[in-house]
Amino acid sequence: MTRSSKRKAAAAAPAPAPKRQTRGGKKKEEKEEKPPPKPKPAPKKPAAKPAKAPAKAAKPAPKPKPKPAAAPTRASTRKRTRGQKEEEEKAPEPEPEPEPEPEPEPAAEEPVDDWEAVDDWESGDVGANLEKLANESKAIDEEVEDEAELEAKAEAEKLKEAGRKLKERERKAREEEEARAKLEAEAAAEADRAKREAELKKLECRQKRLAREKRRDDDRSESRLRSPICCIMGHVDTGKTKLLDKIRQTNVQDGEAGGITQQIGATFFDDATLKEKIRPVAAHLASIKDQSSSYVDAILGPDPDAPRLTLPGLLVIDTPGHESFSNLRSRGSSLCDMAILVVDLMHGLEPQTLESISMLKRKRTPFVVALNKVDRCYDWSPTEGASIREALAKQAQNTLDEFEQKKANAFTELNEQSLNVALYWDNDDPGSTVSVVPTSAITGEGVPDLLRVVLSLTQQRLAAKLMFGYNLQCTVLEVKVVEGLGATLDVILVNGCLHAGDTMVLCTQDGPIVTTARALLTPPPSRETRVKSELIKHESLEGAIGLKITGDPELTKVVPGTGILVMHQDDDVEDLKEECMKDIANLSDTLATEAKGVTVQASTLGALEALLEFLRNPGKDRQGKERPPIPVSGATVGPIHKKDVIKAAIMAQKGSEEYSCILGFDVPVDPEAQAYADKNQVKIFTADIIYHLEGHFTRHLDEIMERKRNEARDVAVFPSLFKISKNHVFNMKDPIILGGEVVDGILKVGTPLCIPHLGFLDVGVVQSIECNHKDVQTARKGQECAIKIVNHGNPNMTYGRQFDHNHQLFSKVNRASIDALKKYFKDDMQDADWRLVIKLKKVFSVI
């Protein structure tokens, strides 16, 4: 066989299966390089396992016994390729092999491992070996293909199962989503239906409530009157509380800080007390046989021992007089049926007196004028508790003359306020003329007359307004936390009836609340709600009266000045909440706070409102300069605790040191809070009088401002132009001493000077100024003075060499110096100085 035919045969033969490397592997590789002979056509027999190679090439191995062929698998049959089938068809029929001759069995040899066996391709039957190898490779391929097919089938089954599960999950999720959407739609429909039903119920209950209130209003009658509410108003220190003390025979005024009323107080006088108080007037009128006045007919009958008083009592509200408590005064006057305007006979009308008159006229509230302090008239002869007409009759002529003069001045001032006034016994038209009653809160003279006038006016002219009704009218005056009682409300029950255990609807800054009146407490008769005394507990009370309501801690959030509503059986709570919150519209702006400002705390919400109003309105400081509004970052009621100091300390971290303080009005300070404040440089100012609190804070601002001004003096440069006098050069170099005139602006010690026309030549800094042989710190426009200039950076700066009298000296300003002037020295600057600053900005190119 030629070499080419051998190569063709080798190419046509199938590749042998890879074998494991044996010890004779190298030799086998060399043998394998020879092309094998052309194989004979294999008979169509089942493939048999190849026999092991002989251990030695010299001795041929005996032919192995034929093994039964393995049944072809379905996969192997299916996987036969088209090329294999064609080869089988083209292959010639194999010739029958001769019967093998029996050979003697070889001698027993040591078994050789498979890895030691070496195939002898040259001596063995190459065709048979190739066929065996091909069959083995085919079987292995078929097994691998079977395994791959099985794995593919298993993977496909897994994917199908995952797909089925995914579809099942999607179906369930879709069903759940549809069910949820259906439930949500049903819930929305149910909520809408419930909302409509609630609105209908609320509307129905509102109509029932309004019908009930109208029915109760119609049932009122003049045969039953409630107690009138009288408000005492006027300027600070006119004797308002002292007048009430005289009526009550108490001493509330001395117990107040500085003798100034800081909160609204209410005092109830029953009818027996009133009859006793007005008896001196009746006795005096009986002695002079004067029964002509309509007042006497209304209150005092022919028998002075049997006054015809049909009012059950009188409720008097004492309001503060100073300007910081105008909101409390406004709240008090909004409640009252009648007012007493106290005017100082010695001083006439004062600022808060005028404010009170304006308020009364705006609210169209009837009032009388108490011309107080008649005992201040020279050589006044007092008569304790007497009628004023009786007291005047006992005075000397010179005393009466002074009284007439002071009275005429007061009448003139009242007339200037568009008020017609007359002494009450000379007033024939109480409807259009204001009655004036001279009084003395010290001796009690005129106090019976004042009570008689108030009672007669209310009983005779305000009977329709004073008819008692069961519709509740109740207003919150103060919110307090009382030791032993907890959160309490000081309220004025104007009309109606209030029971212990009633369900109340109140309004707070956070919205309406529903709570229960735990207890109704009142002071003894003729005692004020502010005075610490043994309180009397009641199951029910009728208006008008001042009382204290105890309840849950949430009462501390109630806004003073708002009303109280009581829920009845057929009322809707949402309807009452809406009605209650209408009152807070005008009060919500008062308690609003800002992001940066001081912290304010007070004993009551009423005092807190007043303090906030004082801080937010501009005013004047102790030197009479205008004070800007002071922002407030936090406002609470109650003692000062550590948490309040922590909040105030945040202001210093924000760069507002002046606001890192707490203003406490009539509140105690916790020792731990004080220690923490001292450690963290937080100022706590407390006072019982708001004027003192104002003084503490303004001094605090002054101290901080002065310190900052001192720190800014090295930065701030005041604008100035200085013209050198040619004949007044005293020293030309180190230091330069020159005489001249301040052409414009302010020249101060420490001002840096330069000459822009010489390339902004730095001349030096003003070390001292002398005017009229006196050292001064400042020289203004038009002043002639001598200045000493020092230049530490250039000691060789010399007058006549670098500059002379032809060059003006300018203040060297920059952006930092101008900002310091604006922030800390605005009060030292005039309009002309600011105009010079604008010019210098252009010269020095300051942006």
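The structure reproduced in this document is the subject of the present report.

Rules of the game
Residues numbered from 1 in each chain as written. Predicted model: local features only at pLDDT ≥ 70, side-chain atom pairs only at ≥ 80, totals over all residues. Heavy atoms only, no water. Core = buried A, V, L, I, M, F, W, Y, C linked by side-chain atoms within 4.5 Å. Buried < 20%, exposed > 50% of the residue type's maximum accessible area, 1.4 Å probe, protein only. Helix = DSSP H or I, 4+ residues; strand = E, 2+ residues; numbered from the N terminus. Contact = heavy atoms within 4.5 Å. Pairing = 2+ DSSP bridges. Axes fitted to C-alpha atoms, helices over the stretch in contact; angles between N-to-C directions. Salt bridge = Lys/Arg side-chain N within 4 Å of Asp/Glu carboxyl O. Parallel < 35°, antiparallel > 145°, perpendicular 65-115°, else oblique. Left-handed = near helix turned anticlockwise from the far one by under 90°. Nonpolar A, V, L, I, M, F, W, Y, C, P; charged D, E, K, R; others polar.

This part covers the nonpolar core. Ranked by internal contacts, the top residues of the largest apolar core, which has 69 residues, are I229, L314, I340, F367, V368, V369 and I492. Sorting elements by how many residues they give to this core places helix 15 (residues 447-461) first, with seven residues.

On to the environment of C230. Looking at where C230 falls in the secondary structure, it is placed in strand 1 (residues 229-234). In this structure the C-alpha to C-alpha distance between C230 and V454, which are 224 residues apart in sequence, comes to 8.2 Å. If near-sequence neighbours (up to four positions away) are discounted, C230 is found in contact with L314, L315, V316, I317, C336, M338, A339, I340 and V454.

Moving on, we get to the sheet that holds strand 18 (residues 598-602). Taken in spatial order, the four strands line up as 21-18-22-23 in an open sheet, and their pairing is parallel. The open sheet has two edge strands with one neighbour each: strand 21 (632-637) and strand 23 (683-687). Sheet twist, expressed as the average angle between the axes of neighbouring strands with direction ignored, equals 15°.

All told, the structure shown has 36 salt bridges when counted by the stated rule. The salt bridge involving R171 is made with E175; its shortest N-O contact spans 2.6 Å. With R171 and E175 both in helix 5 (residues 126-218) and four residues apart, the pair spans about one turn of that helix. Of the residues examined, R171 reaches a relative accessible area of 31% and is grouped as partly exposed. The network of salt bridges with common partners includes E199, K202, R206, R209, E213, D575, E578 and E579.

Turning to the packing of helix 21 (residues 815-824) against helix 22 (residues 831-843), a few remarks are in order. Here helix 21 crosses helix 22 at 165°, and the two axes come no closer than 12 Å. Taken as axis vectors, helix 21 and helix 22 run roughly antiparallel relative to one another. Crossing of helix 21 against helix 22: the hand is left-handed. Between helix 21 and helix 22, the contacting residues are R815, I818, L821 and K822 on the first element and W834, V837 and K841 on the second. Broken down by class, the residue content of the contact of helix 21 with helix 22 amounts to four nonpolar, no polar and three charged.

Glancing now at the environment of A675. Within the element layout of this structure, A675 appears in helix 19 (residues 671-679). You can call A675 partly exposed: its relative accessible area is 47%. Note: C-alpha distance between A675 and V645 (30 residues apart in sequence) is 9.9 Å.

A separate point is the packing of helix 18 (residues 642-653) against helix 19. Relative placement of two packed helices is described by the angle separating their axes and the distance separating the axes. The contact between helix 18 and helix 19 brings their axes to 8 Å, and the two run at 25°. The angle between helix 18 and helix 19 falls in the class roughly parallel. For helix 18 against helix 19, the interelement crossing comes out right-handed. Residues K642, V645 and I646 of helix 18 lie in contact with helix 19, whose contacting residues are E672, A673, Y676 and A677. The residue inventory of the contact of helix 18 with helix 19, partitioned by class, reads five nonpolar, no polar and two charged.

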